[in-house]
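Commentary on secondary and tertiary structure
Residues per chain are reported as follows:
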Amino acid sequence: MKAGTHPWALDLSQLYTEIWARLMRGVHDRHAPARHPTLATVSKDGRPQARTVVLRAANKMAGTLDIHTDLHSAKVKELRVTPFAALHVWDASAHLQLRLEAHVTLLTGPEVAAIWESVPAASRLSYGSDPAPGQPIEKALDYTKGADQASFAILRLGVETVDALNLGQQHRRARFNRDDNWAGMWLAP
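The following refers to the structure shown. Note that the coordinates shown come from a computational prediction; the quantities given were computed from them, not determined experimentally.

Definitions and cut-offs
- Residues numbered from 1 in each chain as written.
- Predicted model: local features only at pLDDT ≥ 70, side-chain atom pairs only at ≥ 80, totals over all residues.
- Heavy atoms only, no water.
- Patch = residues over 30% accessible without salt bridge, like charges linked within 9 Å, V, L, I, M, F, W, Y side chains within 5 Å.
- Areas by Shrake-Rupley, 256 points an atom, 1.4 Å probe, with all protein chains shown as cover.
- Salt bridge = Lys/Arg side-chain N within 4 Å of Asp/Glu carboxyl O.
- Helix = DSSP H or I, 4+ residues; strand = E, 2+ residues; numbered from the N terminus.
- Buried < 20%, exposed > 50% of the residue type's maximum accessible area, 1.4 Å probe, protein only.
- Lys, Arg positive; Asp, Glu negative; His and termini not counted.
- Polar contact = N/O pair within 3.5 Å; in protein donor to acceptor, adjacent residues only side chain to side chain.
- Contact = heavy atoms within 4.5 Å.
- Core = buried A, V, L, I, M, F, W, Y, C linked by side-chain atoms within 4.5 Å.
- Pairing = 2+ DSSP bridges.
- Phe/Tyr/Trp six-rings, centres within 6.5 Å; stacked < 30°, edge-to-face > 60°.

Turning next to a nonpolar patch on the surface. Taken together, the side chains of Ile137, Leu141 and Tyr143 present a nonpolar region at the surface, about 300 Å² in accessible area. Relative to the helices and strands, Leu141 resides in the loop between helix H4 (121-124) and strand S7 (152-166).

Quick look at the structure:
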């Protein structure tokens, strides 16, 4: 059964506000659909790469989203070559698909030191594995985890476009662009 039309899906301005409310909820609520979006990058040989990440910060005014990562991960190498990514969120309860395109800036070292201090000790173990993430190992557990601040990086996504598709009773689709100050336009779904 299809959901009815949400009031926020009827107006471009309300839809844009709802999109960012859901993204910000993903930062603070472990059960929110935007908590674990899919990040897509392009490998050095031009192949698409997608992985689930954790949304760590969302700033509507700046139009940015932050993802923490290990500096030695494949996605960092890919983004150094092609600094663009797509982020996908599916919110089943709202029948809402979000596709965001972004320019990615890599933050490391002193730029992230204050944020590193706020990362829980158990979570710090995600940054600094030996060997580096994605490297071949002989057995499934032939690696060690160690909290290494030098391996901690933030991917800051400067959102350039947002494509929102609401699959309620009547499908509605809109696209918002940074270049037009997020005014938005309706698209055929």
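A few words on the pattern of salt bridges. Inspection of every chain in the model, using the stated rule, returns 10 salt bridges. Close ionic contact of Asp45 with Arg47 constitutes a salt bridge, the shortest N to O distance being 3.6 Å. Residue classification places Asp45 among the exposed residues on the basis of a relative accessible area of 55%. In this structure, Arg173 engages Asp163 in a salt bridge whose closest nitrogen and oxygen atoms are separated by 2.8 Å. Note that Arg173 is positioned in strand S8 (residues 172-177) and Asp163 in strand S7, a separation of 10 residues in sequence. When salt bridges that share partners are traced, they join Arg99, Glu101, Asp163, Arg173 and Arg175 into one network.

All right, on to the side chain of Arg35 then. Mapped onto the elements of the fold, Arg35 is located in the loop between helix H1 (12-28) and strand S1 (38-42). As a buried residue without a salt bridge, Arg35 has its nearest oppositely charged side chain in Asp29, at a separation of 7.5 Å. Separated by 3.4 Å, the side chain of Arg35 and the backbone oxygen of Gly26 make a polar contact. If near-sequence neighbours (up to four positions away) are discounted, Arg35 is found in contact with Gly26, Val27, His28, Asp29, Arg30, Val53, Val54, Leu55 and Arg56.

It is characteristic of soluble globular proteins that their nonpolar side chains tend to be buried jointly. Residues Ile19, Leu23, Leu65, Leu157 and Phe176 are the most contacted members of the largest nonpolar core, which totals 36 residues. Every element with two or more residues in this core is listed here: H1, strand S4 (64-70), helix H2 (74-81), strand S5 (84-91), strand S6 (96-107), S7 and S8. When residues in this core are grouped by element, the largest group, 7 residues, is from H1. Leaving out residues up to four positions away in the same chain, Leu65 has contacts with Trp20, Leu23, Leu55, Ala57, Ala58, Leu87, Leu100, Leu155, Arg156, Leu157 and Val159. Residues Leu107, Val119, Tyr127 and Phe152 belong to the second largest nonpolar core, which totals 7 residues.

Position of Asp142 among the secondary structure elements: in the loop between H4 and S7. Once the C-alpha coordinates of Asp142 and Asp130 are considered, the two residues, 12 residues apart in sequence, prove to be 8.8 Å apart. Each residue touching Asp142, except ones within four places of it in the same chain, is listed here: Pro131 and Ile137.

Attention shifts here to the pairing of S1. Within a regular strand, side chains alternate between the sheet's two faces. On S1, burial follows the alternation: Leu39 and Thr41 on one face are buried, whereas Thr38, Ala40 and Val42 on the facing-out side are not. What sits between S1 and strand S2 (residues 48-52) in their antiparallel hairpin is a turn of 5 residues, with Gly46 showing a positive phi close to 85°. Strand direction decides the pairing type here: S1 and S5, joined by 3 bridges, are antiparallel. Paired with Leu39 across the strands is Leu87, a residue of S5.

This part covers the packing of aromatic side chains. This structure, assessed with the given rule, holds 5 aromatic pairs. Seen from their ring centres, Tyr16 and Trp182 are 5.6 Å apart, and the 20° between their planes marks the pair as stacked. Within this pair, whereas Tyr16 is found in helix H1, its partner Trp182 is found in the loop between S8 and strand S9 (185-187), the two being separated by 166 residues in sequence. Looking at Trp182, the relative accessible area reads 14%, which means it is buried. Taking 5.2 Å as the distance between ring centres and 55° as the angle between the ring planes, the aromatic pair formed by Trp116 and Phe152 counts as tilted.

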